[in-house]
Structures are given as C-alpha cells and as structure tokens.
Amino acid sequence: MLTVETYATLSEAAGALRERSRYLGGGTLVMRAANYGDQGFERIVRSRDPGLVDIRGEGTSIRIGAGVTMAMIAQSAELAFLAPAARAVGGPAIRNMATVGGNLFAETPYGDVATALLALDSSVQMADGARLPLEQFLQSRGTQRGLVAAVTVPRPGQDAFRFLKVSRVKPKGVAVMTLAAWLPLQGGRVSGARVAFGAMGPIPMRARAVENALEGATLDEDGITRSLAVATEGLSPADDSLASAWYRREVAPVHLKRLLLGEGRA
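Keep in mind it's a predicted model, so treat the numbers as computed, not measured.

Cut-offs and rules
- Residues numbered from 1 in each chain as written.
- Predicted model: local features only at pLDDT ≥ 70, side-chain atom pairs only at ≥ 80, totals over all residues.
- Heavy atoms only, no water.
- Helix = DSSP H or I, 4+ residues; strand = E, 2+ residues; numbered from the N terminus.
- Buried < 20%, exposed > 50% of the residue type's maximum accessible area, 1.4 Å probe, protein only.
- Polar contact = N/O pair within 3.5 Å; in protein donor to acceptor, adjacent residues only side chain to side chain.
- Pairing = 2+ DSSP bridges.
- Contact = heavy atoms within 4.5 Å.
- Axes fitted to C-alpha atoms, helices over the stretch in contact; angles between N-to-C directions.

I would appreciate a short explanation of the side chain of S76 in the present structure.
If you trace the backbone, S76 turns up in the loop between α3 (70-75) and α4 (83-87). With a relative accessible area of 14%, S76 lands in the buried category. There is a polar contact of 3.3 Å between the side chain of S76 and the backbone nitrogen of E78.

Is there a simple way to explain the sheet that holds strand β9 (residues 161-167) in this structure?
Pairing between the strands of a sheet comes from backbone hydrogen bonds, and it takes one of two forms, parallel or antiparallel. Pairing in this open sheet of four strands is antiparallel, and the strands run β9-β10-β13-β14 from one edge to the other. Edge positions in the sheet fall to β9 and β14 (205-206), since each has one partner strand and no second. Sheet topology places strand β13 (residues 194-198) next to β14; two bridges connect them, and they run antiparallel. What sits directly across from F197, in β14, is M205. Across the face of the sheet, helix α7 (residues 112-119) comes into contact with β9, β10 (175-182), β13 and β14 while running at roughly 25° to β10. Along the sheet, helix α11 (residues 245-260) contacts β9, β10 and β13; its crossing angle with β10, the most-contacted strand, is approximately 40°.

What should I look at first to understand the sheet that holds strand β4 (residues 55-58) in this one?
Strands sit in the order β4-β5-β8-β6-β7 across an open sheet of five strands; the sheet is antiparallel. What marks the edges here is a single partner per strand, and that holds for β4 and β7 (131-133). Neighbour-to-neighbour, the strand axes of the sheet open up by a mean angle of 25°, direction not taken into account. Summarising the sheet, strand β5 (residues 61-65) and strand β8 (residues 148-154) pair through five bridges and their orientation is antiparallel. Among the inter-strand pairings, G65 is bridged to a residue of β8, identified as A150.

Next comes the structure, spelled out in structure tokens:
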C-alpha cells in the first residue's frame with residue numbers, strides 16, 4: 001500500500017527518507033512511476049517548506065528553490081534569461097507541476113532546464129547545507145543521497161545566454177537535442193564560454209571542445225568555424241525513438257551554428 005507523509009521543513013522530509021521511499025516535488029516523475037505500477041517504493045515523502053518555492057537575488061547570483069515550477073520561472077522578471085528553457089518543458093499543465101529540482105533528475109531526452117543551468121555554471125544546495133557544482137551533481141545523481149534544496153545560478157550579462165531546443169513536434173515535443181551557451185564577451189571576443197548539450201549523452205553534458213574553440217573567437221560565421229568542426233567531440237548520443245545517434249551527430253553542428261549566431265537569445 002502506498003502512503004504519503006508531509007513534513008513542514010525540507011530537513012524533516014530528508015530525515016524521513018529511507019528504503020522504498022520517494023520524495024515528491026512536482027509529481028511529474030514520481031506520480032508517473034506510481035501510476036505505471038512501479039513497485040520500487042511504498043512511501044511518498046513531501047514537504048511544505050516555503051523556501052522551496054523562493055526565488056531571490058543573492059548579489060551576482062539568483063537562488064531558485066527546488067520546488068519552483070517551470071511556470072514560475074517563465075513568469076519571473078529576475079529569471080527572464082531562463083524563460084525560454086522553462087517554456088520548452090511540456091505544455092501548460094506540465095509546466096505548472098514540473099520543478100527545478102525534478103528537472104535535475106529527468107532522464108534523457110528530458111531535462112531541458114538542467115541543460116541550461118549546466119551552461120550557466122550553476123551550483124546545487126542540498127537540504128543538509130552541502131553545496132556542489134551542478135556538473136558534479138549530475139555525474140553522481142544516480143547515487144546522490146539527500147534532497148535538493150535549491151539551485152544557485154549566476155546572472156548572465158545582457159544577451160550572453162542562449163538556449164535552443166530541437167524537437168520534431170512543436171510546441172511541446174520531446175527534445176532531439178537541447179543546446180545552451182553562456183558566451184561572455186570581452187572586446188567583442190568570447191571569454192570563458194560554457195556550452196552544454198542535452199539528449200547527447202546519458203546526462204546533460206558540457207561540450208568542452210566547443211568551449212575551447214570559442215575562446216577568443218568572434219561570434220560570426222568565420223569566428224565560429226572551429227567550434228562547429230568539434231561540435232560533438234566528447235559527447236555520446238544514443239539511438240532512441242526520436243532519432244539515431246548518427247542523426248544527432250550529423251545535425252548538431254547545424255543547430256550549434258543557429259545557437260551561436262543568435263537564435264535562442266533570451
């Protein structure tokens with residue numbers, strides 16, 4: 001029999017988790033598992049901690065509670081740069097439920113917002129106060145213990161962040177791939193680029209070869225040529241019902257070019 005327990009604080013909810021328990025955030029992952037008869041858990045734990053839905057500025061960064069939904073991001077003036085990624089998640093009903101915390105655990109080809117947050121050099125705060133870079137969190141999420149309390153994301157400069165979702169069905173299709181880039185400029189040239197792909201590996205992944213090729217480049221046809229040549233280096237796309245690994249590799253440079261030349265600019 002499936003039981004549901006609700007706690008006032010996230011730390012209490014974290015303490016209540018044990019074997020055969022799942023934490024319920026927005027419900028798009030856990031309730032789907034329950035509805036399809038997943039026998040791996042018998043308890044659902046949830047929290048009404050108000051900090052989970054808090055969005056607040058912290059100097060040069062913004063703290064986003066793990067329970068903040070895609071709809072809340074899309075409506076937030078402070079998070080306007082993330083709105084394109086949030087709006088790319090499902091339809092209105094899903095966006096009203098899907099949370100930032102849940103998106104960090106979404107299996108590929110889902111996790112559009114996690115890809116954007118990875119490109120933005122975000123960090124994850126756990127319920128016990130521990131902090132770790134999002135990239136590290138994603139690499140260990142299958143064995144990660146504890147609950148996510150919030151994600152902290154740096155504020156990108158004007159026009160510095162770009163996001164693009166490629167799907168066969170619009171407006172709410174599942175991603176063939178997602179691309180996100182943080183492209184700070186100094187003197188008209190890229191300095192410290194971060195580029196991430198979703199649905200091009202088992203988790204959202206940084207394209208380090210692309211980042212290296214963009215360093216010192218101008219964001220025009222000539223300047224991005226080297227980065228397009230190494231678009232899929234270090235990535236590991238898979239075959240699925242949406243596209244083959246071969247197809248994803250073939251079209252990745254095309255969509256990276258679209259991204260770098262300004263499509264998907266927030």
